[in-house]
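Spelled out from the first residue to the last, the chains are:
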Amino acid sequence: MSIKRIEVGPRMSEAVIHGSVVYLAGQVAKGDGVTAQTQAVLDQIDALLAQAGTDKTKLLTATIYLADIATFGEMNVVWDKWVSAGNTPARATVEAALATPEYKVEIVVAAAI
């Protein structure tokens, strides 16, 4: 099976397609707080899924990393408006130290093509 990489960098690719699945790297964004960052990250995910020839209706899994688990509800307000009803992925949300203190949320997804 072939492997296709999207937005290849020296350290990582933003997305990798193998077979009929696209795997996205963890997406982060700058912004004021969890609400703004979550929306920006989900917009990035939409764009990368489109480049791979798919969309959020085909999500398989999602892992959400929060710098502070106390912001779980705030993040979910944005997530719930974005995620496709009836097509919700298997999901985990955990608290984790992210790459820099300015990042409040990081999301990793995989989707069918």
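Here the structure is a predicted model, which means the values were calculated and not measured. Throughout, residues of each chain are indexed from 1 in the direction in which the sequence is written. With the structure being a predicted model, the display of local features is reserved for residues of pLDDT at least 70 and the display and counting of side-chain atom pairs for 80 or more, all residues being used for whole-chain, interface and lining totals. Based on all heavy atoms of the structure, the side-chain values leave hydrogens and waters out of the count.

### Here we look at helix 1 (residues 33–51)
Here helix 1 spans 27 Å end to end across 19 residues, near enough to the 27 Å set by a 1.5 Å rise per residue. Remark: exposure states derive from per-residue accessible area (1.4 Å probe, protein chains only) relative to the maximum for the residue type, with buried under 20%, exposed over 50%, and partly exposed in between. We count a stretch as a helix when DSSP gives it H or I for four or more residues in a row; a strand needs E for two or more, and each element gets its number in order from the N terminus. Along helix 1, the residues that are buried comprise V34, Q37, T38, V41, L42, I45, L48 and L49. On an axial view of helix 1, the arc spanned by its buried residues comes to 135°, and they lie on one face. The contact rule is simple, with two residues in contact once any of their heavy atoms fall within 4.5 Å. Buried-residue contacts for helix 1 involve strand 1 (3–8), strand 2 (13–18), strand 3 (21–24), strand 4 (59–66), helix 2 (72–82) and strand 6 (105–112). The positive-phi residue at the C-terminal boundary of helix 1 is G53, with phi of around 85°. The length a helix should cover is 1.5 Å for every residue beyond the first. The arc in question is the one traced by the directions running from the helix axis out to the C-beta atoms.

### Points about the packing of helix 1 against helix 2
An axis is simply a line fitted to the C-alpha atoms; with a helix, the fit covers only the stretch in contact. Between two such axes, the angle follows the N-to-C directions and lies from 0 to 180 degrees. Interaxial distance between helix 1 and helix 2 falls to 8 Å at its minimum, and their mutual angle equals 30°. Helix 1 and helix 2 meet at a crossing whose hand is right-handed. Between helix 1 and helix 2, the residues in contact are V34, T35, T38, Q39, L42, I45 and D46 and E74, M75, V78, W79 and W82, respectively. Here the residues of the contact of helix 1 with helix 2 sort into seven nonpolar, three polar and two charged. Left-handed describes a crossing whose near helix is turned anticlockwise from the far helix by less than a right angle; the clockwise case is right-handed. Any residue that is not Ala, Val, Leu, Ile, Met, Phe, Trp, Tyr, Cys, Pro, Asp, Glu, Lys or Arg is counted as polar, Gly included; the first ten are nonpolar and the last four charged.

### Let's talk about the side chain of S84
Among the secondary structure elements, S84 is positioned in the loop between helix 2 and strand 5 (90–95). S84 gets classed as buried once you look at its relative accessible area, which sits at 14%. Polar contacts, as used here, are pairs of N or O atoms within 3.5 Å; protein pairs need one atom able to donate a hydrogen and one able to accept it. Residues neighboring in sequence count only if both atoms are side-chain atoms. Among the polar contacts listed, one links the side chain of S84 to the side chain of N87, at a separation of 2.8 Å. With residues near it in sequence (within four places) discarded, S84 still touches K56 and T57.

### Quick word on the sheet that holds strand 5
Strands qualify as paired when DSSP identifies two bridges or more between them. Read from one edge to the other, the open sheet built from six strands follows the order 1-2-3-6-4-5, with strand pairing classed as mixed. The open sheet is flanked by strand 1 and strand 5, the only strands paired with a single partner. Ignoring strand direction, the axes of neighbouring strands in this sheet form an average angle of 10°. For strand 3 and strand 6, the ladder comprises three bridges, and the chain directions are antiparallel. Counterpart to Y23 in the pairing with strand 6 is A110.

None of this, on its own, says anything about what the molecule does.
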